[in-house]
Amino acid sequence: MNKRNHLKILSLTLLFAALAASCVSPKRINYLQNMTHGSQIEIENRFEARIAPYDKLSIKVSTSGVRQELTTPFQTLAGDNMVDINGDVLLPVLGKIHVAGLTRLQLQDTLANILQRDGYVDDPIVIVHFTNFKIFFLGGDGRGRVINIRDEKAPFLEVLAQMGGLDNYTRRDRIGVMREINGKMVMRYLDPRSTDVFKDPFYMLQQNDFIIVDAFNATTALQQFNFWLGFIGTFTSVASLITSIAVFRSIKN
């Protein structure tokens, strides 16, 4: 058997090996595998976002009363209002107010009560929104992205869907959610292949959580394998060209 045939056999062997390595069992990647038709699973850990230092808030003030001009001094609140390290926010007219630990709705009620109690606005209507509710994703390929959440509800599976899902080479049994709790970074691992994911206290994501995923151990090796497969394919093509030229010259001579 000549060198040319040897190269072809080697290339085909490597190609079949790469195809075999790229096959991933459905049990390793399918979501909620133990959920059956008609299943009813209660989410044990309901979450309502609470304001924390460095959050940015949009606050809009209006009134159901006739004196709309009373809300004019508060129109600048609609921009980003940064919560400082102590959990306070500095607002026009009202001054510094401690907001850390409050939900969005609680802050709405608090501000409405202050505005009416102190005579600033008749029948005030206050709307508060987070403007920086973000989840950070770090992929197994070393790349990352930021997912902006439009409301304060960010279930784990919903965020995965917003990311476009996970590729076949991401480990489903080791999806980390990292969160700052009382000044410490806490990591928990969630597995979306099982309905147990709904019971995890980190299932409902909070602002500034990190999702960190690992690739299967074979992924890096497969990437390297594909690189060398491409190299061998190029080498084979060059070798074939050289062989063809040599044969042509021998015939010509």
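Let me sum up the structure you'll find in this document. (Residues numbered from 1 in each chain as written. Predicted model: local features only at pLDDT ≥ 70, side-chain atom pairs only at ≥ 80, totals over all residues. Heavy atoms only, no water.)

**Describing the sheet that holds strand S5 (residues 124-130)**
One key point about sheets: their strands pair by backbone hydrogen bonds, in either a parallel or an antiparallel sense. The 3 strands lie next to each other as S2-S1-S5, forming an open sheet whose pairing is antiparallel. One side of each edge strand has no neighbouring strand; the edge strands of this open sheet are strand S2 (81-82) and S5. Here strand S1 (residues 56-63) pairs with S2 via 2 bridges, running antiparallel. If you follow Lys56 over to S2, its bridge partner there is Met82. (Pairing = 2+ DSSP bridges. Helix = DSSP H or I, 4+ residues; strand = E, 2+ residues; numbered from the N terminus.)

**Points about the layout of surface pockets**
Approximately 580 Å³ is the volume found for the largest pocket. Contributing to the lining of the largest pocket are 18 residues, with Ala52, Pro53, Glu180, Ile181 and Gln207 lying nearest its centre. The biggest single contributor to the lining of the largest pocket is strand S8 (residues 175-181), with 3 residues. (1 Å grid on protein atoms, 1.4 Å probe; cavity = no way out; pocket = protein on both sides within 12 Å on 5 of 7 lines; lining within 4 Å. Points joined across faces, edges and corners; volume = space filled by probe spheres on them.)

**Details of the pairing of S5**
In S5, alternate side chains face the same way, and those of Pro124, Val126, Val128 and Phe130 are buried while those of Ile125, Ile127 and His129 on the opposite face are not. Pairing of S1 with S5 involves 7 bridges; the strand directions are antiparallel. Note on S5: the bridge partner recorded for Lys60 is Ile127. (Buried < 20%, exposed > 50% of the residue type's maximum accessible area, 1.4 Å probe, protein only.)

**Concerning unusual backbone geometry**
With phi around 75 degrees, Tyr54 is a residue other than glycine that occupies positive phi space. Along the chain, Tyr54 turns up in the loop between helix H1 (3-22) and S1. Even without a glycine there, the phi angle at Asn182 is positive, about 50 degrees. For Asn182, the location among the structural elements is in the loop between S8 and strand S9 (184-190).

**Notes on the nonpolar core**
Ile59, Phe156, Val159 and Ile211 are the most contacted members of the largest nonpolar core, which totals 47 residues. Taken together, the elements giving at least two residues each to this core come down to S1, strand S3 (88-91), helix H2 (104-117), S5, strand S6 (134-138), helix H3 (156-162) and S8. It is H2 that contributes the most residues to this core, 5 residues altogether. The residues touching Ile211, leaving out its near neighbours within four places in the chain, are Ile135, Phe136, Phe137, Leu138, Phe156, Val159, Met163, Ile175, Gly176 and Leu205. (Core = buried A, V, L, I, M, F, W, Y, C linked by side-chain atoms within 4.5 Å. Contact = heavy atoms within 4.5 Å.)

**Overview of the pairing of S8**
Two strands pair when backbone bridges link them, and S8 and S9 are joined in this way by 7 bridges, in the antiparallel orientation. Across the sheet, Gly176 pairs through a bridge with Tyr189, a residue of S9. Counting the residues that bridge the hairpin from S8 to S9 gives 2 residues, and of these Asn182 lies at a positive phi of roughly 50 degrees. Here S8 runs beside strand S10 (residues 210-212); their pairing, made up of 3 bridges, is antiparallel. Paired with Met178 across the strands is Phe210, a residue of S10.

**Points about the side chain of Arg104**
Mapped onto the fold, Arg104 is located in helix H2. In this structure the side chain of Arg104 is engaged in a polar contact, spanning 3.3 Å, whose partner is the backbone oxygen of Val128. With residues near it in sequence (within four places) discarded, Arg104 still touches Ala49, Val128, His129, Phe130 and Glu152. (Polar contact = N/O pair within 3.5 Å; in protein donor to acceptor, adjacent residues only side chain to side chain.)

**Brief notes about the sheet that holds strand S7 (residues 144-148)**
Strands sit in the order S7-S6-S10-S8-S9 across an open sheet of 5 strands; the sheet is mixed. Strands with a single pairing partner mark the edges of an open sheet, and in this sheet they are S7 and S9. Here the average twist between neighbouring strands, direction ignored, is 25 degrees. (Axes fitted to C-alpha atoms, helices over the stretch in contact; angles between N-to-C directions.)

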